[in-house]
Amino acid sequence: MDAADRFVSLLTAAGDPPLDESLLALAAARPDATATAAEGLSRLDDLAAGCPGPDLDDLLAHLFVTEGFRGDRDDYHDPRNSFLDEVLGRRTGMPITLAAVLITVGRRLDLELVGIGMPGHFLVREADDPEGFVDPFHAGARIGTSACAARFRTLHGTRAAFHPSYLRPVSNRAIVERVMANLTA
């Protein structure tokens with residue numbers, strides 16, 4: 001089965017698709033892909049194996065300090081920022097793909113992290129901590145609800161209404177669909 005067929009099968013299967021496999025199959029399906037989904041999964045495994053400890057702070061320091069993952073402030077809309085294999089290779093991405101790295105490496109460390117699809121900016125939080133968020137685009141900074149609202153208003157204007165529903169977890173399928181929407185935009 002080629003990467004495109006694998007991607008379609010993952011997204012058409014019942015239930016929530018695996019985030020890592022889905023995003024890596026999407027990346028491998030493009031004509032100029034240089035890495036396979038299996039290579040990407042191996043890179044994620046290696047990142048988890050190199051993490052010095054089992055908690056979120058250890059993971060944040062490992063990914064954003066030791067490994068140097070960062071938000072692409074120079075060319076935010078570069079399509080490579082939406083392909084997980086490129087983000088793993090370049091250590092540079094947009095909020096949603098950096099969140100995918102954080103979530104999928106965290107899963108390998110038995111951390112239950114969820115994606116937060118705030119309009120205009122993607123965040124992560126531990127599943128059991130509804131008030132503590134991580135901003136992967138800003139070096140894995142830990143932020144609270146008020147800082148989330150401030151980031152939202154920076155993007156959408158100071159008078160934009162912020163709704164608590166913006167901070168609800170989203171499914172893996174929603175994350176993959178949002179990455180695809182970013183690519184088509």
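Remember, predicted model here, so these are calculated numbers, not experimental data.

Q: Explain the pairing of strand 4 (residues 123–126) residue by residue, including any values.
A: Strand direction decides the pairing type here: strand 3 (residues 113–116) and strand 4, joined by four bridges, are antiparallel. Within strand 4, the residue paired with Leu113 across the bridge is Glu126. Connecting the antiparallel pair strand 4 and strand 5 (residues 133–135) is a turn made up of six residues.

Q: Tell me about helix 6 (residues 95–108), residues and numbers included.
A: With 14 residues, helix 6 ought to run about 20 Å at 1.5 Å a step, and its terminal C-alpha atoms sit 20 Å apart, in line with that. Burial analysis of helix 6 places twelve of its 14 residues in the buried class, the great majority of the element. Taken together, the buried positions of helix 6 are occupied by Pro95, Ile96, Thr97, Leu98, Ala99, Ala100, Val101, Leu102, Ile103, Thr104, Val105 and Gly106. Of the residues trailing helix 6, Asp110 is marked for its positive phi of about 65°.

Q: Any chance you could break down the packing of helix 3 (residues 37–49) against helix 6 for me, citing the residues and the numbers?
A: The interhelical angle for the contact between helix 3 and helix 6, taken along N-to-C directions, is 65°, at an axis separation of 9 Å. The orientation of helix 3 relative to helix 6 falls into the category roughly perpendicular. Once helix 3 is placed against helix 6, the crossing between them reads as right-handed. Note on element contacts: helix 6 touches helix 3 through Val101, Thr104, Val105 and Arg108, opposite Leu41, Leu44, Asp45, Leu47 and Ala48.

Cut-offs applied
- Residues numbered from 1 in each chain as written.
- Predicted model: local features only at pLDDT ≥ 70, side-chain atom pairs only at ≥ 80, totals over all residues.
- Heavy atoms only, no water.
- Pairing = 2+ DSSP bridges.
- Helix = DSSP H or I, 4+ residues; strand = E, 2+ residues; numbered from the N terminus.
- Expected span 1.5 Å × (residues − 1).
- Buried < 20%, exposed > 50% of the residue type's maximum accessible area, 1.4 Å probe, protein only.
- Axes fitted to C-alpha atoms, helices over the stretch in contact; angles between N-to-C directions.
- Parallel < 35°, antiparallel > 145°, perpendicular 65-115°, else oblique.
- Left-handed = near helix turned anticlockwise from the far one by under 90°.
- Contact = heavy atoms within 4.5 Å.

By themselves, these figures tell us nothing about what the structure is for.
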